[in-house]
Amino acid sequence: MSRPEHQAPPEIYYGDAEAKKYTQNTRNKQIQADMTYRALELLNLPSDEPAFLLDIGCGSGLSGEILEEEGHIWAGVDIAPSMLEVALERDINGDLFLQDIGQGFGFRPGSFDGAISISVLQWLLNAETSHPTSSPPHRLTRFFTTLHSALRNPSRAVFQFYPTSDDQIQLITSIAQKAGFGGGVVVDYPNSKKARKVFLCLFVGGGGTQQQ
Amino acid sequence: MVRLITHNLLACHVKGCTTNNFPLIFRDVEVELQETEFNPDFIRNMLSRLEWTALINAAKQVGDTSLPPEQPDMMDDELLQKLHHVLMEINVTDGAMVCQNCNHIYPISNGIPNMLLAEHEIG
Ligand SMILES: [Zn+2]
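The rules behind each value
- Positions within a chain are numbered from 1, following the residues in the order the chain's sequence is written.
- Chain A is the first chain written and ligand 1 is the first ligand written, with later ones labelled in order.
- Predicted model: local features are reported for residues with pLDDT of at least 70 only, side-chain atom pairs are reported and counted for 80 or more only, and whole-chain, interface and lining totals are derived from all residues.
- Hydrogen atoms and water are omitted, and side-chain values are computed over all heavy atoms in the structure.
- Starting at the N terminus, helices and strands are each numbered in turn, a helix being any DSSP run of H or I of at least four residues and a strand any DSSP run of E of at least two.
- Within these notes, the globule rule equals 2.2 Å times the number of residues to the 0.38 power, and the radius of gyration is based on C-alpha atoms.
- To sort residues, take the accessible area from a 1.4 Å probe on protein chains only and compare it with the maximum for the residue type: under 20% means buried, over 50% means exposed, and anything in between is partly exposed.
- Between two residues, a contact is recorded if the distance between any of their heavy atoms is within 4.5 Å.
- Surface accessibility in these figures is a Shrake-Rupley result with a 1.4 Å probe; residues are shielded only by whichever protein chains are displayed.
- Counted charges follow a simple rule, with Lys and Arg positive, Asp and Glu negative, and His plus the chain ends left uncounted.
- Where a charge lies is defined by one atom per residue type, namely NZ (Lys), CZ (Arg), CG (Asp) and CD (Glu).
- Two strands make a pair as long as DSSP finds a minimum of two bridges between them.
- Coordinating donors are taken to be N, O and S atoms lying within 2.8 Å of the metal, or within 3.2 Å when the metal is Na, K or Ca; because water is excluded from the atom set, some sites may appear incomplete.
- A four-donor site is called tetrahedral if each angle lies between 85 and 135 degrees; a four-donor site is square planar, and a six-donor site octahedral, when trans pairs exceed 155 degrees and the remaining angles lie between 65 and 115; all other cases are labelled irregular.
- Side-chain atoms within 4.5 Å link the members of a nonpolar core, which is a set of buried Ala, Val, Leu, Ile, Met, Phe, Trp, Tyr and Cys residues.
- For every residue, the predictor reports its confidence as pLDDT, a number between 0 and 100.

Some thoughts on the overall build of chain B
Regarding its fold elements, chain B presents four helices and five strands. Beginning at the N terminus, the succession of helices and strands in chain B can be written as β-α-β-α-α-α-β-β-β. The C-alpha atoms of chain B give a radius of gyration of 15 Å, which matches the 14 Å a tight globule of 123 residues would have. Each principal axis of the C-alpha distribution contributes one length, and for chain B these read about 45 × 30 × 20 Å. Looking at chain B as a whole, 52% of its 123 residues are labelled buried. The contacts in chain B between residues at least 6 apart in sequence include a share of 69% that link residues at least 24 apart. Summing over all exposed atoms, chain B offers an accessible surface of approximately 5800 Å²; the carbon and sulfur share of this is 46%. Distance from the positive charge centre (7 side chains) to the negative charge centre (17 side chains) of chain B: 6 Å.

Written out as structure tokens, the structure is:
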């Protein structure tokens, strides 16, 4: 099976059945949880301080649940209504928005202490949405520019994603840099085909490394 | 759902809509109250990010007038509690948020605000 983002746009791929299936699958849940904990680690938030976080492509709230457990408050955006409906049924505490991240955000400057995104960024590169659309670079530019502005200085945004080539990583990082982000790519288990995980760690300002 | 904490950070993101695009005005809203744990550190942490006047007006639109019209210099525990309630416990589940500049309507139905733009509204 090819990856979902090569089959159909996200709001189509994650219809009602697929959304439920994804959320109930124990293995998906575990992988999603592991990646969320790793993303949180890479966010490097000040310890014991509740943060206000943005979950980009929050889906049915699997990551959000973990953010809550870790004492944080969050808001999430997703383009798949079925996923958001499952999130509502699951009684999670984050605010949920139906949003196409390729259209950009309207959050005021400095709104969030950080952002995480699990298995979403590749959707901006591959399948177009079913909405009339412009090119991936345009969509990435709007996304990173408005995200950069929505984050506090200093802070971080951490994305786990599935690039299919180094060119894709190159494209994404260069657009993120133009939008004002520092940072770069972290690869976990680089030599394992199965366990390999790519994280894009973007910094606003110094990325908050000096925070206590 | 939209809580006032998030509403207070949200401006209109329609192409070219850059002035007077905050705050979005609540229209025909239905609200649900949901108790959440009081976390004074979090509320304190959010204070510098809030636009007080926008918050007071939004609270009024959803039927809450418990906060003082001017942001007090000192936040005692009682005030933080009230602020917690307004920011975190009032969930707007249905209705709309309307931009006072370009009149774009962001509908909220079954707890989910629709932030999708039409092709001509994308920057
Ligand atoms: Zn507007």
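Some words on the pairing of strand S3 (residues 90–98) of chain B
Residues and elements named next belong to chain B. For S3, the tally of buried residues reaches seven of nine residues, placing the bulk of the element in the interior. Where strand S1 (residues 2–3) and S3 come together, two bridges link them in antiparallel fashion. Paired with Val-2 across the strands is Val-92, a residue of S3. Note: strand S2 (residues 25–33) against S3, seven bridges, orientation antiparallel. Within the sheet, the bridge partner assigned to Val-31 lies in S3 and is Val-92. For S3 and strand S4 (residues 105–109), the ladder comprises four bridges, and the chain directions are antiparallel. Bridge pairing in S4 places Ala-96 opposite Pro-107. Linkage of S3 to S4, two consecutive antiparallel strands, is achieved through a turn of six residues, within which Asn-103 is found at a positive phi near 65°.

A closer look at the coordination of the zinc ion
Ideal geometry at a metal centre: 109.5 degrees between donors when four sit tetrahedrally, and 90 or 180 degrees when six sit octahedrally. Residue and element names in this part refer to chain B. The zinc ion binds to the protein through Cys-12 (SG), Cys-17 (SG), Cys-99 (SG) and Cys-102 (SG), with metal-donor distances spanning 2.3 to 2.4 Å. One way to put it: the four donor atoms around the zinc ion meet at angles of 99 to 117°, and that makes the site tetrahedral. Mapped onto the sequence, the donors of the zinc ion take the spacing C-x4-C-x81-C-x2-C. Taken as a pair, Cys-12 in the loop between helix H1 (4–7) and S2 and Cys-102 in the loop between S3 and S4 lie far apart in primary sequence, 90 residues in all.

Describing the nonpolar core
Side chains of nonpolar character tend, in soluble globular proteins, to be buried together. Formed by 73 residues in total, the largest nonpolar core has its most connected members in Phe143(A), Phe144(A), Leu147(A) and Phe159(A). If you tally residues by element for this core, the top one is helix H4 (residues 77–89) of chain B, at six residues. Contacts of Phe144(A), omitting those with residues within four sequence positions, involve Leu121(A), Phe159(A), Ile172(A), Ile175(A), Ala176(A), Ala179(A), Phe181(A), Leu200(A) and Leu202(A). Judged by nonpolar contacts, the second largest core, of 25 residues, contains Leu45(A), Ile66(A), Val158(A) and Cys201(A).

Looking at the confidence of the model for chain B
Any region with low pLDDT has predicted coordinates that should not be read closely. Looking at chain B as a whole, the pLDDT averages 96, with 100% of positions reaching at least 70. Both scores are available for the predicted complex, with the pTM at 0.94 and the ipTM at 0.97.

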